[in-house]
Amino acid sequence: MSESVSTAFIAGYSLKAHNTFGFDVCAQFACRIEREDQLMAAVRDPRAAGLPRLVLGGGSNVVLTGDFAGLVLLVGLQGRRVVREDADAWYVEAAGGEPWHEFVAWTLSQGLPGLENLALIPGTVGAAPIQNIGAYGLEMCERFASLRAVELATGDLVELDAEACQFGYRDSFFKREGRDRFVITAVTFRLPKVWQPRAGYADLARELAAGGYVGSADPAGQQPTAQAIFDAVVAVRRAKLPDPLQLGNAGSFFKNPVVDAGLFETLKLREPDVVSYLQQDGRVKLAAGWLIDRCGWKGRAMGAAAVHERQALVLVNRGGASGAEVLALAQAVQRDVLTRFGVELEAEPVCL
Ligand code: EPU
C-alpha cells in the first residue's frame, strides 16, 4: 500500500442520511471509503488510534441511540463483475458498498439468476453476510462463495469462506466473535448454472398465482422465471414493508424466536392458530410478527416510534423519534410477548 493514500476525516458529521431509521445523531469523525487501500490507510491512521470505530454501509440494520464518539467508516466501495465460471456455476463479485437491490437486479440483467428471492432488501452487499439476509425461502448463505475483509486492528486484508463465516439464521461470525473487528470490502456469490425456482413461500406463491407477471409460467404453465419471482417479491415487499425513504425503519426488528417442542405444545393448546415452522432439530420457529400482532401492538405508537400497521415485526420512526424511543418501544413489545407467551424476542439490528 502506498503511503500517499489520502483519507479525509470529517469532524462532527451528521449520520441522519446514513441510517435507515433516519436518527439525527452525529459522529465525532467520519471517513468516506471508496477504495480498499483507503480503508487500510484509514484504520492505520494515527488520528484513529484508540478511537472506537463504526462501519456503516446503508445503515439498514443499526439503531443509533446517540452521538458516536469515534470514527465512522462510510463504506462506499463500488464495482461488480463476473470473476470466473466453472462447469456448474458463475462466480459474481460485488464490492461492499454496492446497494444490495441494485446488485440483484444487475445479476438478472446479465442472465445470472439465483438471488431474485432477495430483491428489495435494503442495505449494501457488505452488510448482507453479517446478518445472513434472507427472505421468501432463500438465505444469502446458500449463494455465498467467499468474502474479503479488512481487519480493523491490523489493516490487513483477509479472505473468508462460508465455513469461517459460520452462517446461521440472521447470524454469522460477524455478529459474534468477529463483531466490530472487520470491514467487509467485497463478496463473491456462487450462482448455479442449473437454476431452480424457489416459489414455495406462501406470500410469494400467492402473488405469483395472482398472475400478471411476464414470464410467470412457461408455455406449459409450469414454472415461473427468475424475473417473475423478482417482480413478485418486489410487489409483496412493497405491499407489506415500509420504504425506509418514506418511513424510517430497519426491516424486521426482531428475529423469529425458536422454542423447544415442549413450550410449543403448551402454547399451541392455548393459541391453536399460532404461526409456526418445525425445524430440523425438532424445535419450532414462531412468527414473531404474529405474536406481536396478537398482543395488540400492530399500528400502536409510543411517541413517534411505532409498530408498523401492515407488519408487526417492523418498528418505524414516524418522524423525529430517537433511537432511545424506538428501544423503549421494543422493550415494551418484548415484555408483553414474554408475559403472554413466555417467549423472549431478540432484536435483529445492532443497537448502539
Ligand atoms: N403475521 C401476522 N401479523 C403480522 C405479521 C406477520 O399475523 O403483523 C403472520 C403472517 O400472517 C404470517 C407469519 O406471521 O403467517 C409470517 O409473516 P411473514 O411471512 O410476513 O414473515 P416474517 O416471519 O414476519 C420473515 C423475515 C423477513 C422476510 C419475510 C419473508 C425474519 C425476522 N423476518 O418475516 O425479513 O422478508 O420473512 O421471507 O426472519 C428482515 O429480516 O428485515 C425481513 C424483513
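The name that an unreviewed UniProt entry assigns to the chain is UDP-N-acetylenolpyruvoylglucosamine reductase, with the source organism given as Paraburkholderia ribeironis. Its UniProt record gives the chain the following Catalytic activity (unreviewed entry) comment, quoted word for word: "UDP-N-acetyl-alpha-D-muramate + NADP(+) = UDP-N-acetyl-3-O-(1-carboxyvinyl)-alpha-D-glucosamine + NADPH + H(+)". According to UniProt, the comment filed for the chain under the heading Pathway (unreviewed entry) is "Cell wall biogenesis; peptidoglycan biosynthesis."

Looking now at the pattern of salt bridges. Counted under the stated rule, the structure contains 21 salt bridges. For Arg 44, the salt bridge goes to Asp 156, with nearest N and O atoms at 3.2 Å. Linking Arg 44 in helix α1 (residues 36-44) with Asp 156 in the loop between β10 (144-151) and β11 (157-161), this pair joins segments that are 112 residues apart in sequence. For Asp 156, a relative accessible area of 37% gives the class partly exposed. The salt bridge partner of Lys 298 is Asp 293, with a shortest N-O separation of 3.1 Å. Here Asp 293 falls in the partly exposed class, since its relative accessible area comes to 32%. A cluster of three or more residues bridged by salt bridges with shared partners is formed by Glu 36, Arg 81, Glu 93 and Arg 148.

What counts, and where the lines are drawn
Residues numbered from 1 in each chain as written. Predicted model: local features only at pLDDT ≥ 70, side-chain atom pairs only at ≥ 80, totals over all residues. Heavy atoms only, no water. UniProt positions renumbered as here; feature names shortened; annotations may be inferred. Salt bridge = Lys/Arg side-chain N within 4 Å of Asp/Glu carboxyl O. Helix = DSSP H or I, 4+ residues; strand = E, 2+ residues; numbered from the N terminus. Buried < 20%, exposed > 50% of the residue type's maximum accessible area, 1.4 Å probe, protein only.

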